[in-house]
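Here is what each chain is made of, one letter per residue.
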Amino acid sequence: MTGFPRYAIYFAAGADHALSRFGAELLGYDAYTGDELPFPGDALGVAADWRDVTADPRKYGFHGTLKAPMALAAGKTEAELAAACATFAGKARQIPVIRPIVDSVSGFIAVIPAEPVGALQQLAADGVRDFDCFRQSLNAEDRARRKPEKLSERQRDYLDRWGYPYVMEEFRFHMTLTGRLDAERRGPILEMLRASFARLKLEKLAIDRIALFRQDDAKARFRIIGEWALARLELSASSRD
């Protein structure tokens, strides 16, 4: 199995952002501080087993994946990865802005963009490429855990090339709030989460930073160890016209 520690490059909205507080409280875990948090009453009201409902996403902290978890390749260090994050963030680019909604994705519930955003797809693709030199290659056991027999041909190709099947054209930005739920349970929980999210009045969300998360061992949760704002590409007056 892949070694530890593992690292991931994720989007997290910022320690004090309303979206970060929303996600951390629902998951019962703050990846910025490492603190356990009490679950909101409305979540417990709709699902007394809310701790179990959120067990899977709690391990990772509230985030949107840009570069999936990886152990470091031989000779690579955490300090070098952090420096690469700073370099990546310092490259001026169009900052993606999404209209966030809460919806069901493949059986789980997440905050997702209401419409595709090309700049976000580009940001994620850039992250996959730029950080891949830090990734320890998948061994046979790790590859088998991804159940390649259930993936499409393109997804298997991406798994073998990039260590993760849901990249490039297969990438779908999401910030997970629950584990997989059967259809009967999903409806009431989705309704509750949509109502809770609506109270944030978050009509748009800039994907304007990256965070480096670390998992120390198989039983540990991911924790944020660094965060960098993305440099914004300034358009010329003629470009804006």
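A brief report on the enclosed structure follows. In this text, all values refer to a predicted model and were calculated from it rather than measured experimentally. (Residues numbered from 1 in each chain as written. Predicted model: local features only at pLDDT ≥ 70, side-chain atom pairs only at ≥ 80, totals over all residues. Heavy atoms only, no water.)

Next up on the list: the pairing of strand E5 (residues 108-113). The element E5 is largely enclosed, with a buried count of six among its six residues. Where burial is concerned, the two faces of E5 agree: the one with Phe108, Ala110 and Ile112 and the one with Ile109, Val111 and Pro113 are both buried. Pairing analysis gives six bridges linking strand E4 (residues 100-105) to E5, with the strands arranged antiparallel. Its bridge partner lying in E5, Ile101 is registered against Ile112. Between the antiparallel neighbours E4 and E5 lie two residues, among them Ser106 with a positive phi of about 55°. As paired strands, E5 and strand E6 (residues 175-176) are joined by two bridges and run antiparallel to one another. Note that in E6 the partner of Val111 across the bridge is Met175. (Buried < 20%, exposed > 50% of the residue type's maximum accessible area, 1.4 Å probe, protein only. Helix = DSSP H or I, 4+ residues; strand = E, 2+ residues; numbered from the N terminus. Pairing = 2+ DSSP bridges.)

Omega for the bond connecting Phe4 with Pro5 falls within 30 degrees of zero, at 0°, which places this linkage in the cis form. Positive phi, normally seen in glycine, also occurs at Ser106, with a value near 55°. With respect to the helices and strands, Ser106 occurs in the loop between E4 and E5. A relative accessible area of 56% means that Ser106 is categorised as exposed. Despite not being glycine, Lys147 has its phi angle at roughly 50°, a positive value. Tracing the chain through its elements places Lys147 in the loop between helix H7 (140-145) and helix H8 (153-162). You can call Lys147 partly exposed: its relative accessible area is 41%.

Remark: helix H1 (residues 18-27) packs on helix H9 (residues 183-198), axes separated minimally by 11 Å, with the N-to-C direction vectors making an angle of 150°. With respect to each other, H1 and H9 are oriented roughly antiparallel. Like other packed secondary-structure pairs, H1 and H9 cross with a definite hand, here right-handed. Touching Leu19, Phe22 and Leu26 of H1 are Leu193, Ser196 and Phe197, all from H9. Of the residues contributing to the contact of H1 with H9, the split by class is five nonpolar, one polar and no charged. (Axes fitted to C-alpha atoms, helices over the stretch in contact; angles between N-to-C directions. Parallel < 35°, antiparallel > 145°, perpendicular 65-115°, else oblique. Left-handed = near helix turned anticlockwise from the far one by under 90°. Contact = heavy atoms within 4.5 Å. Nonpolar A, V, L, I, M, F, W, Y, C, P; charged D, E, K, R; others polar.)

Membership of the largest hydrophobic core comes to 49 residues, with the highest contact counts inside it found for Ile9, Leu19, Trp50, Leu81, Val111, Leu193 and Ile210. In terms of nonpolar packing, the next biggest core, distinct from the first, is built from ten residues, Ala12, Tyr29, Tyr32 and Phe222 among them. (Core = buried A, V, L, I, M, F, W, Y, C linked by side-chain atoms within 4.5 Å.)

With antiparallel pairing, the three strands of this open sheet are ordered in space as E4-E5-E6. Here the strands that pair on one side only, and so sit at the sheet edges, are E4 and E6.

Turning our eyes to something else, we now look at the pattern of salt bridges. Scanning the model with the defined rule gives 20 salt bridges in all. Among the ionic pairs, Glu36 bridges to Arg221, the shortest N-O distance being 2.9 Å. In this pair, Glu36 sits in the loop between H1 and helix H2 (41-46) while Arg221 sits in the loop between strand E8 (209-215) and strand E9 (223-229), placing the two residues 185 residues apart along the sequence. A salt bridge links Asp160 to Arg143; its shortest N-O distance comes to 2.6 Å. (Salt bridge = Lys/Arg side-chain N within 4 Å of Asp/Glu carboxyl O.)

Turning next to the layout of surface pockets. There is about 210 Å³ of room inside the second largest pocket. Every residue lining the second largest pocket is listed: Val105, Ile112, Pro113, Glu115, Pro116, Val117, Leu120, Gln121, Phe171, Arg172, Phe173 and His174. Residue assignment for the lining of the second largest pocket shows that the elements contributing at least two residues are E5 and helix H6 (118-130). Tallied by class, residues from the lining of the second largest pocket come to eight nonpolar, two polar and two charged. (1 Å grid on protein atoms, 1.4 Å probe; cavity = no way out; pocket = protein on both sides within 12 Å on 5 of 7 lines; lining within 4 Å. Points joined across faces, edges and corners; volume = space filled by probe spheres on them.)

Glancing now at the sheet that holds strand E2 (residues 64-71). The strand order across the open sheet formed by four strands is E2-E1-E8-E9, and the pairing between neighbours is antiparallel. A single partner strand is all that each edge strand has here, and the edge strands are E2 and E9. In this sheet, neighbouring strand axes are inclined to one another by 15° on average, regardless of whether the strands run parallel or antiparallel. Summarising the sheet, strand E1 (residues 6-11) and E8 pair through five bridges and their orientation is antiparallel. Following the sheet pairing, Arg6 is matched in E8 by Gln215.

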